[in-house]
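Close look at the chain arrangement
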Amino acid sequence: MQAQISPQAWQFCWILLSPDKVQDLHILNCTFKIKQIYLATPPPPPPTYYLFSQVPEIQYFGASALHTKISRYWSDIPTDQYESLKSQLFSQIACFSSGSKMVLTRLCVALASLALNTMPEAWPGAVAEMVRVFQEEAGGVDGRARCLALLELLTVLPEEFQTSRLPQYRKGQVRGALAREWGSVCPLLQQLLRRTDSPGAVKARVLRCLSSWVQLDVPLSESEGLVHDCFGALPDPELFDTAVEAIVNAISQPDSQRYVNTLLKLVPRVLALQDQLRAAVQNGDMETCHGICRIAVTLGENHSRTLLEQVDHWQSFLALVNMIMFCTGIPGHYPVNETTSSLTLIFWYTLQDEIMSFESEKQAVYLQVYRPVYFQLVDVLLHKAQFPSDQEYASWSSDEKEQFRIYRVDISDTLMYVYEMLGAELLSNLYDKLGRLLTNTEQPTSWQHTEALLYGFQSIAETIDVNYSDVIPGLIGLIPRISINNVQLADTVMFTIGALAEWLADHPVMLSSVLPLVLQALGNPDLSVSSVSTLKKICRECKYDLPPYATNIVAVSQEVLIKQIHKTSQCMWLMQALGFLLSALPVEDILRNLHSLITPYIQQLEKLADETPNPANKLAIIHILGLLSNLFTTLDISKQDDESADGTAPPAEKPPPSPGPNPVIVVLQQVFALIQKVLSKWLNDSQVVEAVCAIFEKSVKTLLHEFGPMVSQLSEMLGQMYSTIPQASALDLTRQMVHIFASEVDHFPPIKALFELVTSVTLSIFQQGPRDHPDIVDSFMQLQAQALKRKPDLFLSESLDVKAVFHCGILSLKFPEAPTVKSTCLFFTELLPHCSDVPPVARVMQEDGKLLIQAVLEGIGGGASRSLMDQFAEVLFSLNKHCFSLLAVWLKEVLQPPGFPSSRITTEQKVNFSQQILSRERVNKRRVKDIVKEFTLLCRGLHGTEYAADY
């Protein structure tokens, strides 16, 4: 790469391309000089035969270097050498037209790049000249080779334009020039495609060339004839793929919808492919099915509205829709027997959107035609969603099973969307079919059919409010009648019940019909995910109606937990479910159930706490702590006073809140000494410490101020933990405590002591070198920001070294980890507003504020990721707002040294930046962010480049 961008590349690229000098020492010298210059240790010269075997690769390197120089360093070429370079490239392309294909392509790309840099001013009519040059007789090069070389050049020209680094204004000029050149390309392509004696390779190249040019937004009316010729090429197996690509690219251009007459002429051509499509299906030719389907779907998807509006041609468009329906329902199981049906799903979204966007009268007419089509679509989709036979499914690879799962999710999303058009009638339709299926004793039915219908219900109920549907009670009544003898069917039954959890909350009398099925499924490890997630949904949505079932639910859950039937993540979900369940019980019942539920785990934890630490008991400890964390995450009796977990008002018969301590606090106080004992042995293990902190953090988040009785104990334990071995999780828990309790008079003393202690310990880490602890630095900065936000009085303490904390922030701004820098910027944006009301902050800003602006400008100048510029701008904005007079002085001093904050920036640009930052625009945060972004691009040498375009 270094060689290709070096000035010497202009010389060695031609030498390397020379086919008659392969054995010449020029190549040897050139090749090995490159290696000696750019490799630290030059390898020994290879034997001569190595060079002979690598001749095309050497020539490719030369062509590639040539393209690199033309495309990226065009300004190096004097204007008077344009013609010479162009002639040399034409000559080289002619030489390689019968040689190596990869070298030829690279040379064509180089000439294309030259054309883009010179048209239209220096090289008007570039494409016309290319056609003329290659049509002329060239000594020693046969016509077929010249024709293929010309087509390759014409193909790569638009492709090179799409990826070129031309400035935006030049792109517009060149696009216009290329559009005018289509008049030279189109007749040539038509002539070559229509000639009966044109070789297949030439026709394939013509189709590729057309594909390339239509992406320049060539008007569809001007390429209409060629597109029709592409349809004529589809019966040829060798041309099929390239013809499909050309047709798809032509009709999917955004501008093509303007050419209504052309589109109407294409519809019969697409419909005429149905015989070829059916033959391909019959012969198992998946590639042909795929290609024809792509054409039909592209036409329908991109031009639904245009074709719908042509009311005189409604029958032909309906025929196209039915053709796409055939593609959706193509025989076979996806992805093993077919891969076509998935292409059609977005079309059905698009068509529905267009129909529903018409005004009501027009919409009613279209719905009359297309509602039956969408009912048919539902039948087709549910058929495609069916599982294969057990034997066939067992033979599928894990990758095929995963693709089928994703395909079913896509079908589910489509069904959910279709409900918007078909409404309650869709549910009635599904219910009638399921009812007939389950009550028909004469004709045996496959489990796959039942499962697919349930899957349809599940798809809709998961996202659509079905509370007012009159068929759901019937569905709930049908579920117990299903003969479940298959894991996939059982899974879908579970997920369907889970999707109806909100409906069950409004109709609690139906719980007795489905809850036994869910509890029974809990004992089956194959149904782990579906059964546990369904129980969790029911416990969350219906908790106030579950007390009669609570004993049974807890007993079954306890049994499966003890038997270790489920994986860790499902065990955590199950504990969350039990937390929701217990929240609705009276406190005495909660404590009783908690005692039976967690006593076995407490006993196990006591035993583990006495053992010598090893990997096996570490996992067991983390598992038990995780169970407790997840239980406490959802066990919230305060919601009884307020509202249910999902934010809706609980029913009138909810139990009244009981007096006395919170059950979570009772349990935590009982196990507190045990947790301390576990910590004493595992304090140097971050995962165990994290698991311990998680119990308290989740409890604090759930209980909020009710956690008060534990504040003093926990603050003391946290201080001891952090003093012994500092860990980020302890700082995160401290931040949570500061957030909730720092403003409470009763709890301020322990919180203040904890805050000062962890700050002091962290400052000592900074003295020793913080680079190995970016997580601690990140959490520390977040803690300081939270303290300033919730209780700035913490910074008034004589025990807190505000100046040291400030300097830690300066260091942290220079960390390479983006999250750490973000947290540090947040700290400073919280610190600066307190210059007026916290004297220690005012003093440190007066004395050392210049260091902050220096660090911020270093980051903007290139020291930090561009993704952080908004955060740096926030700090500048805050400095402007709270330290304006000082900022004006600091900016002038800091920007004075040459080369700071970047060697690419001029003095004038620095002055301009300062003026913008200090101008009236400083009160507009959005404008300050834009100023910083522009300045960082200048500092990095990216201003005005393609990299800046997306920034």
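Residues numbered from 1 in each chain as written. Predicted model: local features only at pLDDT ≥ 70, side-chain atom pairs only at ≥ 80, totals over all residues. Heavy atoms only, no water.

Further remarks concern the overall build of the chain. Assigned secondary structure in the chain consists of 46 helices and zero strands. Across its three principal directions, the C-alpha atoms of the chain cover 100 × 90 × 65 Å. Per-residue burial over the chain gives 53% buried out of 951 residues. Long-range contacts, defined here as pairs at least 24 residues apart, represent 75% of the contacts in the chain between residues at least 6 apart. (Helix = DSSP H or I, 4+ residues; strand = E, 2+ residues; numbered from the N terminus. Buried < 20%, exposed > 50% of the residue type's maximum accessible area, 1.4 Å probe, protein only. Contact = heavy atoms within 4.5 Å.)

So, about helix α44 (residues 907-918). Between its first and last C-alpha atoms α44 spans 17 Å; for twelve residues at 1.5 Å apiece the expected length is 16 Å, and the two agree. By the burial criterion, the buried members of α44 are Lys910, Phe913, Ser914, Gln916 and Ile917. One side of α44 carries all its buried residues, which in axial view fall inside an arc of 165°. Of the exposed residues in α44, those oriented more than 90 degrees away from the buried face are Thr907, Glu908 and Gln915. (Expected span 1.5 Å × (residues − 1). Arc of directions from axis to C-beta.)

Okay, the confidence of the model for the chain next. Of all residues in the chain, 92% attain a pLDDT of 70 or more, and the chain-wide mean is 89. Helix α17 (residues 314-328) holds the highest mean pLDDT among the elements of the chain, 97, whereas helix α4 (residues 48-53) holds the lowest, 38. Every residue in residues 35-53 is under pLDDT 50, and counting partners more than four places away or in other chains gives twelve contacts. (pLDDT = per-residue confidence, 0-100.)

Moving on: empty space enclosed by the protein. Under the counting rule described, the total for this entry stands at two cavities of 30 Å³ or more. Counted as a void, the largest cavity has a volume near 50 Å³. As for the largest cavity, its lining consists of Val214, Asp217, Val218, Pro219, Leu220, Ser223, Ala250, Gln253, Asp255, Ser256 and Tyr259. The residue makeup of the lining of the largest cavity, split by class, is six nonpolar, three polar and two charged. (1 Å grid on protein atoms, 1.4 Å probe; cavity = no way out; pocket = protein on both sides within 12 Å on 5 of 7 lines; lining within 4 Å. Points joined across faces, edges and corners; volume = space filled by probe spheres on them. Nonpolar A, V, L, I, M, F, W, Y, C, P; charged D, E, K, R; others polar.)

So, about the pattern of salt bridges. Scanning the entire structure with this criterion turns up 38 salt bridges. Across the pair Glu338 and Lys384 runs a salt bridge whose closest N-O atoms are separated by 2.8 Å. On the criterion of sequence distance, the pair formed by Glu338 in the loop between α17 and α18 (345-357) and Lys384 in helix α19 (residues 360-384) is long-range, its members being 46 residues apart. Residues joined by salt bridges that share partners form a network here, namely Lys101, Glu152, Arg205 and Arg208. (Salt bridge = Lys/Arg side-chain N within 4 Å of Asp/Glu carboxyl O.)

What follows deals with the layout of surface pockets. The calculated volume of the second largest pocket comes to roughly 550 Å³. As for the second largest pocket, its lining consists of 27 residues, of which Phe387, Arg405, Arg408, Tyr455 and Phe495 are closest to the centre. For the lining of the second largest pocket, the secondary-structure elements that each account for two or more residues are α21 (398-422), α23 (447-461), α25 (487-499) and α28 (528-541). Tallied by class, the residues present in the lining of the second largest pocket amount to ten nonpolar, eight polar and nine charged.

Once that is clear, we can look at the packing of helix α5 (residues 55-72) against helix α7 (residues 101-118). One way to put it is that α5 packs onto α7 with a least axis distance of 9 Å and a crossing angle of 10°. Relative to α7, the element α5 is oriented roughly parallel. Residues Pro56, Glu57, Gln59, Tyr60, Ala63, Ser64, Leu66, His67, Ile70 and Ser71 of α5 form the contact with α7, whose participating residues are Met102, Val103, Arg106, Leu107, Val109, Ala110, Ser113, Leu114 and Asn117. (Axes fitted to C-alpha atoms, helices over the stretch in contact; angles between N-to-C directions. Parallel < 35°, antiparallel > 145°, perpendicular 65-115°, else oblique.)

Our focus in this paragraph is unusual backbone geometry. Following Met119, the chain continues to Pro120 via a peptide bond in cis, the omega torsion being 0°. Turning to its location among the elements, Pro120 is positioned in the loop between α7 and α8 (126-135). Geometrically, the link from Tyr334 to Pro335 is a cis peptide bond, its omega value of 0° lying close to zero. Here Pro335 is to be found in the loop between α17 and α18. The phi dihedral of Gln564 is positive, around 55°, even though this residue is not glycine.

Counting through the fold element by element, Gln558 comes out in helix α29 (residues 547-562). Those residues within four positions of Gln558 in sequence are excluded, and the remaining contacts are Ser596, Leu597 and Pro600.

Attention shifts here to the packing of aromatic side chains. Taken as a whole and assessed by the stated rule, the structure comprises 24 aromatic pairs. Ring plane angle 20° and centroid distance 4.8 Å describe the contact between Phe358 and Tyr366, whose orientation is recorded as stacked. When its relative accessible area of 4% is taken as the criterion, Phe358 is described as buried. With centroids separated by 5.9 Å and ring planes inclined at 70°, the aromatic side chains of Phe672 and Phe696 adopt a geometry described as edge-to-face. (Phe/Tyr/Trp six-rings, centres within 6.5 Å; stacked < 30°, edge-to-face > 60°.)

To continue, consider the side chain of Glu181. Along the polypeptide, Glu181 turns up in helix α10 (residues 168-194). In this structure Glu181 is buried but unpaired, with Arg180 as the nearest side chain of opposite charge at 7.3 Å. One polar contact links the side chain of Glu181 to the main-chain amide nitrogen of Ala126, over a distance of 2.9 Å. Apart from the residues lying within four places of it in its own chain, the contact partners of Glu181 are Met119, Gly125, Ala126, Val127, Ala128 and Trp213. (Lys, Arg positive; Asp, Glu negative; His and termini not counted. Polar contact = N/O pair within 3.5 Å; in protein donor to acceptor, adjacent residues only side chain to side chain.)

What follows concerns helix α45 (residues 925-939). The terminal C-alpha atoms of α45 lie 21 Å apart, and with 15 residues this matches the ideal 21 Å at 1.5 Å per residue to within 8%. Among all positions in α45, only Val928, Lys929, Ile931, Val932, Phe935, Thr936, Leu937 and Cys939 are buried. Of the residues that open α45, the one with a side-chain oxygen 3.1 Å from the backbone nitrogen of Arg926 is Asn924. Taken from the residues just after α45, Gly941 is the one with a positive phi, measuring 70°.

For Thr298, the location among the structural elements is in helix α16 (residues 286-308). For the pair Thr298 and Ala742, spaced 444 residues apart in sequence, the C-alpha separation works out to 61 Å. Residues in contact with Thr298, not counting those within four places in the same chain, are Val248, Ile251, Ser252 and His303. A distance of 2.6 Å separates a polar atom in the side chain of Thr298 from the backbone oxygen of Arg294.

Okay, the environment of Leu763 next. Looking at the secondary structure, you find Leu763 in helix α37 (residues 748-768). Here the alpha-carbon distance between Leu763 and Ser686, two residues 77 residues apart in the chain, equals 20 Å. In this structure, Leu763 is in contact with Asp801, Ala804, Val805 and Cys808, ignoring residues within four places of it in sequence.

Interaxial distance between α8 and α10 falls to 7 Å at its minimum, and their mutual angle equals 35°. When α8 is examined against α10, the residues Ala126, Val127, Ala128, Val131 and Gln135 are found in contact with a partner set consisting of Glu181, Ser184, Val185 and Leu188. Split by residue class, the contact of α8 with α10 holds six nonpolar, two polar and one charged.

Bringing the environment of Phe780 into the picture now. Note on placement: Phe780 falls in helix α38 (residues 774-790). Look at Phe780 and you get buried, because its relative accessible area is 0%. Discounting chain neighbours no more than four positions away, the residues touching Phe780 are Leu731, Val758, Thr759, Thr762 and Phe766.

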